[in-house]
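# Overview (structure and organization)
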Amino acid sequence: MKMATASKSKRTGKSSAPAYVPPKKLPISFTVNGQEVSAEAPAHTTLLYLLRDLGFTEVKNGCEAGDCGACTILLDGLAMNACCALGVQAEGREITTVKGIGTVDNLHPIQQKFIEHGAIQCGFCTPGMIVAAKELLDLTPNPSRHEIKAGIAGNLCRCTGYVKIIDAIEAAAEELSSKKGKRK
Amino acid sequence: MRGFDFVAPTTISATLKAAKGRNTKFIAGGTNFLPDLRHQHDGPAKLVIDLMRVSALQGISSSKGQIKMGALATMTDFLTNKIILKEAPILAAMSEKFAGPIIRNRATVAGNIIDGGPAADAVPPLLALKAKVRLASEKGRRTVDLDKFLTGYRQTAIRSDELITAVTFPSPGRNHKWGYYKLARRNAMAITVVGVAVVLKVRRKKVEEAGISLGSVTAAPIRCYEAEKILEGNVVNLELAQKAAEACAAVAAPIDDIRASAEYRKLMCEVLPRRLICQALDISQDND
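## Examining the overall build of chain A
Helices and strands together make up the secondary structure of chain A, namely 7 helices and 5 strands. Scanning chain A from its N terminus toward the C terminus, one meets helices and strands in the order α-β-β-α-β-β-β-α-α-α-α-α. Whereas a compact globule of 184 residues would reach a radius of gyration of roughly 16 Å, chain A reaches 22 Å, over 25% beyond that. Along the first, second and third principal axes, the C-alpha set of chain A runs to 80 × 35 × 25 Å. By the burial criterion, 40% of the 184 residues in chain A qualify as buried. Of the contacts made within chain A by residues no fewer than 6 positions apart, 56% connect residues no fewer than 24 positions apart.

As structure tokens, then:
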């Protein structure tokens, strides 16, 4: 009681409960899968929450600490955890989610091979896995199984394990490199 | 920490100006910042300054035997940069074991240092390379030896108005020998149980200069000065390597935690340095 009176007198006699001030929103614009997006969000909003609130729910929320890789996206072509950046840091950047790699009507070979090899069980890790696999195959077109394991080291699957996922990425690498060979 | 302001300057001077006199936090790759924010391990801040657009903090260069890494050099840079691969392959070997590829794309060298953690993986190799930290504030610039910069558990010698601009180290030379080992419970995304880095400059079979350091066994990674002295100036044999390894274990003060016991860590602080020194110098180890 004493403390309440003291604070009341300090605050020039007005009501002691401070009014809730919503955090200031900042304007953010960037592109997602080639589409320009504008939003407003407080500075503390993570890129993960920003993307999901904008409807890009293919970016999954797993651990929010950079451990599980479910929220893996490409930022200017580089794979990263969307939970480990502030939304405002994405200003002017190009973001690619799993939907930017291939769509239901036009699957990317990585996605096709994930289906063929039964590399999707519950599907929660899949969007992140595929984005990580995309970066891996862009940098290392013909990876060894060890390189595939290292490439998806930041992505957790809690269903069955990784054998089928590794098989799928291996098969996708074969198909992608044979396609490239034909084009030449 | 909620409701902070945010700015993303593009120059060091604009960054320092923005940081002056306000309760400020810097963000770069965010791989420590965001988990800290989520787990509320961070203190309050009125302003968060994004460093990712400051081009002067990027890049790795080499001049007159000095390698300079901008504060924003990432762990992925350590794996791909030609200067690093040629001059200090120990940093690439470390980076290969650092978290996972997605984290490595964002985690910066300055971030790993300033986080101040005992298990900061980039720190032991940088200590063994005798790295220095370049700092800037509106009052001026200064350079601090990395081992002096780390003052305790999550504590560094940085002042509140300062920013790490670069990390430098002298090239250990083309014929230097090195070894790195990260002892951990998994191959990736693991927090280090014991980290050991060894950098040896060898001339006519004699170790001219040694850099040996340990991570995860003291409040902050440390250099093992005694062990370095034991090797320096000598043609090293198994006996001397063993003596140096014992000197390493002597400075280790590990704790028990969920990853390993203090007893095991202490033992590994002898086994691993001996193994790395012997492997680096081609000394056969009968019983290892």
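Here the narrative resumes, following the displayed structure.
## Notes on the overall build of chain B
Counting secondary structure elements, chain B contains 12 helices and 15 strands. Its C-alpha atoms give chain B a radius of gyration of 19 Å, within 12% of the compact-globule value 19 Å for 288 residues. Its C-alpha atoms put chain B at 60 × 45 × 30 Å along the principal axes. For chain B, the proportion of its 288 residues judged to be buried stands at 50%. Taking the contacts inside chain B whose residues are at least 6 apart along the sequence as the reference set, 64% of them involve residues at least 24 apart.

## Structural notes on the pairing of strand E1 (residues 25-32) of chain A
Residues and elements named next belong to chain A. In the sheet, E1 pairs with strand E2 (residues 35-42) via 8 bridges, with the strands oriented antiparallel. Considered in E2, the bridge of Pro27 is made with Glu40. As paired elements, E1 and strand E5 (residues 94-96) share 2 bridges and run parallel to each other. Bridge pairing in E5 places Val32 opposite Ile95.

## Brief notes about the pairing of strand E4 (residues 78-81) of chain A
Residues and elements named next belong to chain A. Looking at chain direction, strand E3 (residues 72-75) and E4 are connected through 4 bridges and run antiparallel. Each residue of the ladder has a partner; that of Ile73, found in E4, is Met80. If you look at the hairpin formed by E3 and E4, you'll find 2 residues sitting between the two strands, and Asp76 has a positive phi there, around 50°.

## Here we look at the domain arrangement of chain B
Many analyses report the size of an interface as the accessible area lost when the parts associate. Residue and element names in this part refer to chain B. By the assigned domains, chain B splits into domain 1 (5-50), domain 2 (62-170) and domain 3 (177-281). Centre-to-centre, using C-alpha coordinates, domain 1 lies 19 Å away from domain 2. Contact residues are listed per partner, giving 12 residues for domain 1 and 14 residues for domain 2. Per-element accounting of the side of domain 1 that touches domain 2 gives the leading share, 5 residues, to helix H1 (residues 12-19).

## Observations regarding the nonpolar core
Among the nonpolar cores identified, the biggest contains 144 residues, and Ala133 of chain A together with Ile113, Val198, Cys248 and Ile277 of chain B are the most heavily contacted of them. If you tally residues by element for this core, the top one is helix H12 (residues 262-281) of chain B, at 8 residues. Setting aside residues up to four positions removed in sequence, Ile113 of chain B forms contacts with Ala120, Ala122, Val123, Val133, Ile164 and Val167 of chain B.

## Examining unusual backbone geometry
Of note in the backbone geometry, Asp76 of chain A takes a positive phi value of approximately 50° without being a glycine. Structurally, Asp76 of chain A is set in the loop between E3 and E4. Despite not being glycine, Lys130 of chain B shows a phi value in the positive range, around 60°. Its place among the elements puts Lys130 of chain B in the loop between helix H8 (123-128) and strand E6 (132-137). By C-beta crowding, Lys130 of chain B is classed as partly exposed, having 18 other C-beta atoms within 10 Å.

## Some remarks on the packing of helix H11 (residues 238-251) of chain B against H12 of chain B
All names here are of chain B. At their nearest, the axes of H11 and H12 sit 8 Å apart, and the two run at 145° to each other. Relative to H12, the crossing made by H11 is right-handed. Residue-level contacts link Leu238, Ala241, Gln242, Ala244, Ala245, Glu246, Cys248 and Ala249 of H11 to Lys266, Cys269, Glu270, Pro273, Arg274, Ile277 and Cys278 of H12. In terms of residue class, the contact of H11 with H12 is made up of 10 nonpolar, 1 polar and 4 charged.

## Here's the deal with the domain arrangement of chain A
All names here are of chain A. Taken as a whole, chain A is organised into domain 1 (25-100) and domain 2 (101-178). Centre-to-centre separation of domain 1 and domain 2, based on C-alpha positions: 21 Å. Listed by partner, the interface residues are 16 residues for domain 1 and 13 residues for domain 2. At the level of secondary structure, the elements contributing two or more residues to the side of domain 1 that touches domain 2 comprise E3 and helix H3 (98-101). Taken together, the residues that form the side of domain 1 that touches domain 2 break down as 8 nonpolar, 5 polar and 3 charged.

## Here's the deal with the confidence of the model for chain B
Taken residue by residue, chain B gives an average pLDDT of 95. The fraction at 70 or more is 98%. Across the assembled chains, the prediction reports ipTM 0.94 with pTM 0.93.

## Here's the deal with the sheet that holds strand E2 (residues 24-27) of chain B
Through backbone hydrogen bonds, the strands of a sheet pair up, either in parallel or in antiparallel fashion. Residue and element names in this part refer to chain B. Strand order in the open sheet made by the 3 strands is E1-E3-E2, with parallel pairing throughout. Every interior strand has two partners, whereas the edge strands, strand E1 (5-7) and E2, have only one. Pairs of neighbouring strands in the sheet enclose a mean axial angle of 25°, with direction left out of account. Strand direction decides the pairing type here: E1 and strand E3 (residues 47-50), joined by 3 bridges, are parallel. Residue Asp5 lies in a different strand from E3, and its bridge partner there is Leu47.

## Description of the packing of helix H4 (residues 109-116) of chain A against helix H5 (residues 126-139) of chain A
Residue and element names in this part refer to chain A. It is at 10 Å that the axes of H4 and H5 come closest, and there the two elements cross at 130°. The angle between the axes of H4 and H5 places the two elements in the oblique class. Handedness of the H4/H5 crossing: right-handed. Residues Ile110, Gln111 and Phe114 of H4 touch H5, and the partners they reach there are Thr126, Ile130, Ala133 and Lys134.

Rules used throughout
Residues numbered from 1 in each chain as written. Chains lettered and ligands numbered in written order. Predicted model: local features only at pLDDT ≥ 70, side-chain atom pairs only at ≥ 80, totals over all residues. Helix = DSSP H or I, 4+ residues; strand = E, 2+ residues; numbered from the N terminus. Rg over C-alpha atoms; globule rule 2.2 N^0.38 Å. Buried ≥ 20, exposed ≤ 12 C-beta atoms within 10 Å, placed from the backbone. Contact = placed C-beta atoms within 7 Å. Pairing = 2+ DSSP bridges. Domains from an automatic or database assignment. Core = buried A, V, L, I, M, F, W, Y, C linked by C-beta atoms within 7 Å. Axes fitted to C-alpha atoms, helices over the stretch in contact; angles between N-to-C directions. Left-handed = near helix turned anticlockwise from the far one by under 90°. Nonpolar A, V, L, I, M, F, W, Y, C, P; charged D, E, K, R; others polar. pLDDT = per-residue confidence, 0-100. Parallel < 35°, antiparallel > 145°, perpendicular 65-115°, else oblique.

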